[in-house]
Amino acid sequence: MRVNTRIAQRLKKIAPSSTLAITSKAKALKAQGRDIVNLSAGEPDFDTPQPIKDAAIAAIESGFTKYTPTTGIPELRELISGKLKKDNHLEYAPEQIVVSCGAKHSIVNAVLALINRHDEVLVPLPYWVSYPEMVALAEGESHFIKTLPENNFKVTPEELKKHINPKTKLFILNTPSNPTGCVYTKDELEKIAEICSAKKIFVLSDEIYEKLIYGGGRHISIAGLNKDIYGLTLTVNGLSKSYSMTGWRIGYLAGPQDVVDAISNLQDHSTSNPCSISQKAAAAALRMPEEFLIGVRRQFEERMNYCVARLKGMKKISCVPPQGAFYIFCDISRTGLDSGVFAERLLNESFVSLVPGKGFGADNFVRISFAAQAEQLQKGMDRLQSWLEKL
Ligand code: PMP
Ligand code: GLU
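(A) Expanded view of the overall build of the chain. Counting its secondary structure elements, the chain contains 14 helices and 13 strands. The C-alpha atoms of the chain give a radius of gyration of 21 Å, which matches the 21 Å a tight globule of 391 residues would have. Taking the principal axes of its C-alpha atoms as reference, the chain extends roughly 60 × 60 × 55 Å. Taking the intrachain contacts of the chain between residues at least 6 apart in sequence as the baseline, contacts between residues at least 24 apart amount to 74%. For the chain, the accessible surface area stands at approximately 17,200 Å², while carbon and sulfur atoms represent 53% of it. Averaging the coordinates of the 48 positive side-chain charges in the chain and doing the same for the 42 negative ones gives two points 4 Å apart.

(B) Expanded view of the pattern of salt bridges. Throughout the structure, instances matching the rule amount to 22 salt bridges. Asp87 is the salt-bridge partner of Lys86, the closest N and O atoms lying 3.1 Å from each other. Note that Asp382 is salt-bridged to Arg310, the shortest N-O span being 2.8 Å. Placement of the pair is Asp382 in helix H14 (residues 374–390) and Arg310 in helix H12 (residues 290–312), with a sequence separation of 72 residues. Because the salt bridges share partners, they merge into one network encompassing Lys83, Lys86, Asp87, Glu210, Lys211 and Glu290.

(C) Inspection of the packing of aromatic side chains at higher detail. Throughout the structure, instances matching the rule amount to 16 aromatic pairs. Pairing Tyr127 with Phe144 gives two aromatic rings, centres 4.9 Å apart and planes at 20 degrees, and the pair type is stacked. Taken as a pair, Tyr127 in the loop between strand S3 (120–125) and helix H6 (130–137) and Phe144 in strand S4 (residues 141–146) lie far apart in primary sequence, 17 residues in all. According to the relative accessible area criterion, Tyr127 is buried, its value standing at 11%. Chaining the aromatic ring pairs together yields one cluster made of Tyr209, Tyr214, Phe300, Phe326, Tyr327 and Phe370.

(D) Main features of the sheet that holds strand S13 (residues 365–369). Pairing is antiparallel across the open sheet formed by four strands, whose spatial order is S9-S10-S13-S12. Edge positions in the open sheet fall to strand S9 (318–319) and strand S12 (355–356), since each of these has one partner strand only. By the bridge criterion, five bridges tie strand S10 (residues 327–331) to S13 in an arrangement that is antiparallel. Looking at the pairing, Tyr327 lines up with Ser369 of S13.

(E) Focus on the sheet that holds strand S5 (residues 168–174). Strand order in this open sheet of seven strands is S2-S8-S7-S6-S5-S3-S4, and the pairing throughout is mixed. A strand with exactly one partner marks an edge of an open sheet, and here the two such strands are strand S2 (97–100) and S4. The average angle at which neighbouring strand axes cross in this sheet is 20 degrees, direction not considered. Two elements, strand S6 (residues 202–206) and strand S7 (residues 233–238), share four bridges in a ladder whose sense is parallel. Residue pairing across strands places Ser205 opposite Thr235, the latter belonging to S7. Those strands touched by helix H10 (residues 257–268) are S2, S6, S7 and strand S8 (251–254), and its axis lies near 30 degrees from that of S2.

Cut-offs applied
Residues numbered from 1 in each chain as written. Chains lettered and ligands numbered in written order. Predicted model: local features only at pLDDT ≥ 70, side-chain atom pairs only at ≥ 80, totals over all residues. Heavy atoms only, no water. Helix = DSSP H or I, 4+ residues; strand = E, 2+ residues; numbered from the N terminus. Rg over C-alpha atoms; globule rule 2.2 N^0.38 Å. Contact = heavy atoms within 4.5 Å. Areas by Shrake-Rupley, 256 points an atom, 1.4 Å probe, with all protein chains shown as cover. Lys, Arg positive; Asp, Glu negative; His and termini not counted. Charge placed at Lys NZ, Arg CZ, Asp CG, Glu CD. Salt bridge = Lys/Arg side-chain N within 4 Å of Asp/Glu carboxyl O. Phe/Tyr/Trp six-rings, centres within 6.5 Å; stacked < 30°, edge-to-face > 60°. Buried < 20%, exposed > 50% of the residue type's maximum accessible area, 1.4 Å probe, protein only. Pairing = 2+ DSSP bridges. Axes fitted to C-alpha atoms, helices over the stretch in contact; angles between N-to-C directions.

Structural data, given as structure tokens:
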């Protein structure tokens, strides 16, 4: 066999995840005893809450360790259906919900269920690193819509209209957004919904950061706006970010029954059910009082305000304060460095890790995560400031 035919063409196009790679590198250096400030992690720093752990332990001890229905246990699908109704004004029956191994899994399932070879997917740029790779895996084409800092990195209705063509099948919406932190308003979403409905374009609404919104903003689920857009939207969410459950791998998707059934078949023959123990843990998370999430949000908002204030005092970089999620996307053009060199030098010379913007489609930006303890953030900002001053 010739060497270049060993790996399937479909996978040759897929790059490794820069967010996962850098976060693992920072964690490995820290484990070796190096004094690294990790501002690259896309996960909350706090431990998974005790009631969630207790539910998992009880599941193990009671022998809840076997296959479950592929789409998730009825108890969890009922709870998700209730959550979507209460928090998001979305009417999804439990049968319209598929629980998967993380929101990432839900998104790749959705893309594989909808996209044929050469179908186009509209992806706002900067984008979360995995979207274009998932589209490539489905042999579709990503069509990027460049957004601007002066518009809070949001896609305008005019821009959206301009990029639609007969091959467009799906628009990926991520609010609050990773990496920019932008949050779409109801008015903006209504306009997007109107355009997508008129052109019969599906919307994948990635709402994983919905509980982390700052400055009094509000999360709106596009599927809840009207019947037309409801029939075209796949709503994705998960437990990783809100409950600090990144390692447990539970996410979910809700949508039109035919798409959900296709995804259920796909999951039947790929992963089967998500981990039974994690499903019990997720059920316990969804039963936790809302005050828990409010407390988490408050803590993140304080950290965000601190970091934004510190970054404002640094001459060579600038940022738009995020409205949600836990990242700050900083423009580094004035340093004259590309994002890979910037991140590598900062890590090697001042022991601070952050993520180069290149993986998000913006090589003149870097992403700082403020999902870290206050004293780590202070140390990170001090080091970044003095490194920039010497540059
Ligand atoms: N969407 C976005 C925008 C994310 O940042 C992440 C973080 N990993 C995910 C989806 C997937 O999260 P998970 O698979 O851990 O649920
Ligand atoms: N989503 C997080 C991030 O962007 C976690 C890593 C990943 O899954 O990409 O950093």
